[in-house]
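Architecture at a glance
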Amino acid sequence: MLINERQQRILELLSENPALNVKSLANLLHVSEPTIRRDFTELADRHLLTKFYGGAKLVHGAADSEIPFMLRENERSQTKVEMGKKAAGHIADGMVIMLDGSTSAYYIVPYLQRFKDLIVVTSGAKTAVALAERNIRTYSTGGQMITHSFSLVGEEAESFIRKINANICFFSCRGLTLDGIMTDVSVAEVNLRRVMFSHSKKKVLLCDSSKFGKTYFYNQGRLDEVDELVSDKPFVLENKP
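Computed from a prediction, not measured in an experiment: that's the story for all the values here.

Each value, and the rule that gives it
Along every chain, residues carry numbers that run from 1 in the direction the sequence is written. Reporting of local features is limited, given that this is a predicted model, to residues whose pLDDT is at least 70; pairs of side-chain atoms are given and counted only at 80 or more, and all residues count toward the totals for whole chains, interfaces and linings. Hydrogens and water are ignored here; the side-chain numbers use all heavy atoms of the structure. Helical segments are the DSSP runs of H or I of at least four residues, strand segments are the runs of E of at least two, and each set is numbered from the N terminus. Radius of gyration here uses only the C-alpha atoms, and the compact-globule reference equals 2.2 Å multiplied by the residue count raised to the power 0.38. Each residue's exposure class comes from its accessible area (1.4 Å probe, protein chains only) as a fraction of the maximum for that residue type: buried when under 20%, exposed when over 50%, partly exposed otherwise. Here, two residues are considered to be in contact whenever any of their heavy atoms come within 4.5 Å of each other. Residue burial considers only the protein chains on display, and all accessible areas are found by Shrake-Rupley using a 1.4 Å probe. Note on charges: Lys and Arg go in the positive column, Asp and Glu in the negative column, and His and the chain ends are not counted at all. Charged groups are reduced to one reference atom each: NZ for lysine, CZ for arginine, CG for aspartic acid, CD for glutamic acid. One bridge is not enough; two strands pair if DSSP finds at least two bridges between them. A clockwise course of the path from the first strand over the helix to the second, judged with the strands pointing away from the viewer, identifies a crossover as right-handed. Salt bridge criterion: a side-chain nitrogen from Lys or Arg within 4 Å of a carboxyl oxygen from Asp or Glu. A fitted line through C-alpha atoms represents every axis, and for helices the fit uses only the stretch in contact; the resulting angles, taken between N-to-C directions, go from 0 to 180 degrees. Under the rule applied, a polar contact is a pair of N or O atoms within 3.5 Å (in protein, one hydrogen donor and one hydrogen acceptor; residues adjacent in sequence only if both atoms are side-chain atoms).

All right, on to the overall build of the protein then. Tallying secondary structure elements over the protein gives 9 helices and 13 strands in all. Against the globule reference of 18 Å for 241 residues, the protein gives a C-alpha radius of gyration of 18 Å, in line with a compact fold. By principal-axis analysis of the C-alpha atoms, the protein measures approximately 55 × 45 × 30 Å. Going through the 241 residues of the protein one by one, you find that 52% of them count as buried. Contacts in the protein between residues far apart in sequence, at least 24 positions, make up 65% of those at least 6 positions apart. Counting every atom, the protein has about 11500 Å² of accessible surface; 52% of that belongs to carbon and sulfur. Both charge centroids of the protein, one from 31 positive and one from 29 negative side chains, sit 2 Å from each other.

Regular strands place side chains that alternate from one sheet face to the opposite one. In this structure, strand β3 (residues 96-99) lies alongside strand β4 (residues 119-122), joined through 4 bridges in parallel fashion. Across the sheet, the residue bridging to L99 is T122, located in β4. Bridging between β4 and strand β5 (residues 137-140) involves 4 bridges; their strand directions are parallel. Within the sheet, the bridge partner assigned to I119 lies in β5 and is R137. Read as a crossover between parallel neighbours, the route from β4 over helix α7 (residues 125-133) to β5 is right-handed.

Quick look at the pattern of salt bridges now. Going through the model one piece at a time under the given rule, you end up with 8 salt bridges. Residue E33 pairs with R37 through a salt bridge whose shortest N-O separation is 3.4 Å. With a gap of 4 residues between them, E33 and R37 both fall in helix α3 (residues 33-45), about one helical turn apart. According to the relative accessible area criterion, E33 is partly exposed, its value standing at 31%.

Moving on, we come to the pairing of β3. Neither face of β3 is exposed, since V96 and M98 on one face and I97 and L99 on the opposite face are all buried. Pairing of β3 with strand β8 (residues 166-172) involves 3 bridges; the strand directions are parallel. Along β8, the bridge assignment pairs L99 with F170.

Mapped onto the elements, H90 comes out in the loop between α5 (77-88) and β3. Given a relative accessible area of 22%, H90 falls into the partly exposed group. Residues within four places of H90 in sequence aside, it is in contact with M95, I168, F170, K202, E228 and V230.

Let us look at the sheet that holds strand β9 (residues 175-176). Pairing between the strands of a sheet comes from backbone hydrogen bonds, and it takes one of two forms, parallel or antiparallel. The strand order β9-β10-β12 describes an open sheet built from 3 strands, whose pairing is antiparallel. Single-partner strands in this sheet number two, and they are β9 and β12 (218-222). Bridge count for β9 against strand β10 (residues 181-184) is 2 bridges, and the pairing is antiparallel. Pairing of G175 across the sheet is with T183, part of β10. Lying on the sheet, helix α9 (residues 187-198) is in contact with β10 and β12; it crosses β12 at an angle near 20 degrees.

What follows deals with the sheet that holds β5. With respect to topology, 6 strands assemble into an open sheet ordered β5-β4-β3-β8-β11-β13, the strand pairing being parallel. The open sheet has two free edges, formed respectively by β5 and β13 (228-230), since each of these has just one partner strand. Shown here is a sheet whose adjacent strand axes are inclined to one another by a mean of 25 degrees, direction ignored. Along the sheet face, α9 touches β3, β8 and β11 (200-206) and points at about 155 degrees away from the line of β8.

What follows is about the side chain of K80. Take K80: it is sitting in helix α5. Judged by its relative accessible area of 2%, K80 falls in the buried class. Reaching out from K80, the side chain makes a polar contact with the side chain of T103 at a distance of 2.7 Å.

The topology assignment puts K214 in the loop between β11 and β12. By relative accessible area, which is 17% here, K214 ends up buried. Not counting the four nearest positions on each side in its chain, K214 is found in contact with R9, E12, E16, G175, L176, T177 and T183.

Here it is as structure tokens:
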């Protein structure tokens, strides 16, 4: 496991269970305790963790912690490459496309160059740069940038989206419960996505299988409100009695 991947996993595990300590994380990740302590120090230097004797806690708490883009970008990156390729199969020449600020949406960008006359609207600052580098007509939502994630959110972003009529919206979430609830840690990003949904003819969720069965702080909506799910594995909806 690469350092970035391990540190990403540490943040996720602490988000799910704040009681985990150095020893338990070392056992879960199959590394030494000194390795975990070094990871804690690096993450604390980035203001993501606060260290204490034997453990650490997320700076903003488990419920609403933002995972940095640079860590999420490397999380299951090959899986996201394949998902980006699948997602591009829903695109045609001349479309107006919305991309949220997720790393999953970011991985669609390399597959857009083959299409003609696309217009892409995105709330991801890094995504906007990647689109511009490929000479794709791009609009940024503007708004307040979320620290670490490079996502643009807030009333200004939502106001801009309300002026747009898109053919398709690609977006993600942090977790998908087994009964089909999309969840996330960022209220602001969820609120912006909901505006995107209402101004797009088709909604495509990008959600790799590592997110299946996970629940986070804020509900984003139900899977049955989405037109397509793009993932690396089939999602089996659990029917509650």
